[in-house]
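Geometric and topological summary
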Amino acid sequence: MNTMIKVAPSILSADFSQLANEIIKIEKAGADWVHIDVMDGHFVPNLTFGPPVVAAIRKVTKLPFDVHLMVTNPQDLIEPFIKAGADIITVHAETAPHLHRLIQTIKEHGKKAGVSLNPSTPLAVVEEVLDDLDMILIMSVNPGYGGQKFIPGAIDKISRLQAKIEQRKLTIDIEVDGGINASTARQVVAAGATILVAGSAVYGAPDMTQAIKAIRGLD
Ligand SMILES: O=C(CO)[C@H](O)[C@H](O)COP(=O)(O)O
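Here the residue numbering is sequential within each chain, running from 1 through the sequence in written order. In keeping with the model being predicted, local features are shown solely for residues with a pLDDT of at least 70 and side-chain atom pairs are shown and tallied solely at 80 or more, while totals for entire chains, interfaces and linings include all residues.

Within an unreviewed UniProt entry, the label attached to the protein reads Ribulose-phosphate 3-epimerase, and the organism entered is Sporomusa silvacetica DSM 10669. UniProt positions are given in the numbering used here, feature names are shortened, and annotations may be inferred rather than shown by experiment. Taken from UniProt, the Function (unreviewed entry) comment for the protein reads in full: "Catalyzes the reversible epimerization of D-ribulose 5-phosphate to D-xylulose 5-phosphate." UniProt annotates the protein under Pathway (unreviewed entry) with the comment "Carbohydrate degradation."

Shown next as structure tokens:
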């Protein structure tokens with residue numbers, strides 16, 4: 001049992017016609033953060049939310065907004081999403097030749113900065129910015145869609161990242177996204193993950209409260 005684990009349901013799996021209610025539902029069910037998947041139809045083959053949608057849903061909850069930018073030009077969208085109400089902004093290393101600058105921009109606005117790695121991207125790409133990061137998001141599916149199958153290679157990647165964080169005595173959260181359910185959650189938490197993103201396992205569950213508890217490992 002680990003009470004330090006945070007669960008961040010992804011509204012990608014919500015009913016978009018009822019978005020405000022869908023956010024209120026996860027808040028009542030015990031979610032820690034709201035995970036918002038921003039997709040541009042270019043870096044990933046899907047198109048989702050822009051800053052106006054985030055500004056609109058900001059009015060319905062005080063839960064932290066965990067904004068995951070799956071976009072080709074993250075530098076153009078950091079400030080608009082912060083103005084819209086983001087608390088944590090994560091950019092993909094694959095989209096950012098000037099990763100250090102982007103992280104500094106996020107932090108200068110007083111927000112938490114994360115970097116995400118696709119399944120095929122090695123940990124080495126964040127080596128030089130580790131000291132500046134609040135969070136690393138390990139993708140356990142190829143980004144673009146909810147409801148995909150967890151890629152088991154993520155577990156060893158999380159263990160190696162956790163060892164590196166410990167060795168450097170840093171405080172960085174490890175978030176995992178894709179195919180998370182009660183069973184995969186246990187495996188990634190054992191490897192060192194602290195924040196679990198779950199879309200279909202929460203929104204597709206008959207009892208959301210129970211699903212969140214099970215993912216957190218408190219069932
Ligand atoms: O970033 C994502 C996809 O790119 C989603 O957050 C992720 O897939 C969550 O959905 P599920 O838990 O259904 O896999």
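Thoughts on the overall build of the protein
The helix count covers DSSP runs of H or I at least four residues long, the strand count covers runs of E at least two residues long, and both are numbered beginning at the N terminus. Counting its secondary structure elements, the protein contains eight helices and eight strands. Using C-alpha atoms as the atom set, the radius of gyration is obtained and then compared with a globule rule of 2.2 Å times the number of residues to the power 0.38. A compact globule built from 219 residues should have a C-alpha radius of gyration of about 17 Å, and the protein, at 16 Å, falls within 12% of that. Oriented by its inertia axes, the alpha-carbon framework of the protein measures out at about 45 × 35 × 30 Å. Partly exposed residues are those whose C-beta has more than 12 but fewer than 20 other C-beta atoms within 10 Å; with 20 or more the residue is buried, with 12 or fewer it is exposed, and the C-beta atoms are placed from the backbone. A total of 219 residues make up the protein; the buried ones form 44% of that total. Pairs at least 24 apart in sequence give 64% of the contacts found in the protein among residues at least 6 apart. Note that contacts rest on C-beta atoms placed from the backbone: two residues are in contact if these are within 7 Å.

Here's the deal with the packing of helix 5 (residues 153-167) against helix 6 (residues 182-191)
All axes here are fitted lines through C-alpha atoms, helices being fitted over the stretch that makes contact, and every angle between N-to-C directions spans 0 to 180 degrees. Helix 6 packs onto helix 5 with a crossing angle of 25° between their chain directions and a minimal axis gap of 8 Å. Regarding the angle of helix 5 to helix 6, the classification is roughly parallel. Considering only the axes of helix 5 and helix 6, their crossing is right-handed. Residues A154, I155, I158, S159 and Q162 of helix 5 lie in contact with helix 6, whose contacting residues are Q187, V188 and A191. Split into classes, the residues belonging to the contact of helix 5 with helix 6 amount to five nonpolar, three polar and no charged. Note on terminology: angles under 35 degrees are roughly parallel, angles over 145 are roughly antiparallel, angles of 65 to 115 are roughly perpendicular, and the others are oblique. Crossing handedness: left-handed means the near helix sits turned counterclockwise from the far one by under a right angle, and right-handed means the same turn made clockwise. Gly is put with the polar residues, along with every residue not named as nonpolar or charged; the nonpolar set is Ala, Val, Leu, Ile, Met, Phe, Trp, Tyr, Cys and Pro, and the charged set is Asp, Glu, Lys and Arg.

Brief notes about the site of the ligand
Any residue qualifies as near a molecule or strand once its backbone-derived C-beta atom lies within 6 Å of it. By nearness alone, 22 residues border the ligand, and S10, P143, G146, G199 and S200 come closest of all. If you list the elements that add at least two residues to the shell around the ligand, you get strand 2 (34-39), strand 8 (195-198) and helix 7 (200-203). Split into classes, the residues belonging to the shell around the ligand amount to eight nonpolar, twelve polar and two charged.

Some points on the nonpolar core
Connectivity within a nonpolar core runs through C-beta atoms within 7 Å, and the core itself is a set of buried Ala, Val, Leu, Ile, Met, Phe, Trp, Tyr and Cys residues. Counting residues in each nonpolar core, the largest one holds 71 residues, and the members touching the most others are I89 and L196. Considering each element in turn, this core owes the most residues, five residues, to helix 8 (residues 208-216). Ignoring any residue separated from it by four or fewer positions in sequence, one finds I89 in contact with V67, L69, I78, F81, I82, I106, K111, A113 and G114.

Re the confidence of the model for the protein
With 99% of its residues at a pLDDT of at least 70, the protein reaches an overall mean of 97. Across the interface, the model reports ipTM at 0.96; the global pTM reads 0.97. The predictor attaches a confidence to each residue, called pLDDT, with possible values from 0 through 100.

Thoughts on the UniProt feature "binding site: a divalent metal cation" (unreviewed entry) in the protein
The sites that UniProt annotates as "binding site: a divalent metal cation" (unreviewed entry) are H35, D37, H68 and D177. These annotated residues cover 143 residues of sequence, and their C-alpha atoms all fall within 10.4 Å of one another, placing them together at a single site. With respect to the helices, strands and loops of the structure, H68 is situated in strand 3 (residues 65-70). Checked against the element boundaries, D177 lands in strand 7 (residues 173-177). Beyond its immediate sequence surroundings of up to four residues, D177 is in contact with L137, M139, S140 and V197.

Notes on the UniProt feature "binding site: substrate" (unreviewed entry) in the protein
If you check UniProt for "binding site: substrate" (unreviewed entry), the listed places come out as S10, H68, G144, Y145, G146, G147, D177, G178, G179, G199 and S200 in our numbering. Residue H68 is classed as buried on the basis of its 27 C-beta neighbours within 10 Å. Discounting residues that sit within four places of it in the chain, H68 has contacts with H35, I36, D37, V38, T90, S116 and L137. Structurally, G144 is set in the loop between strand 6 (135-139) and helix 5. Residue G144 is classed as partly exposed on the basis of its C-beta count, with 16 C-beta atoms lying within 10 Å. In this structure, G144 is in contact with M39, V44, P45 and N46, ignoring residues within four places of it in sequence.

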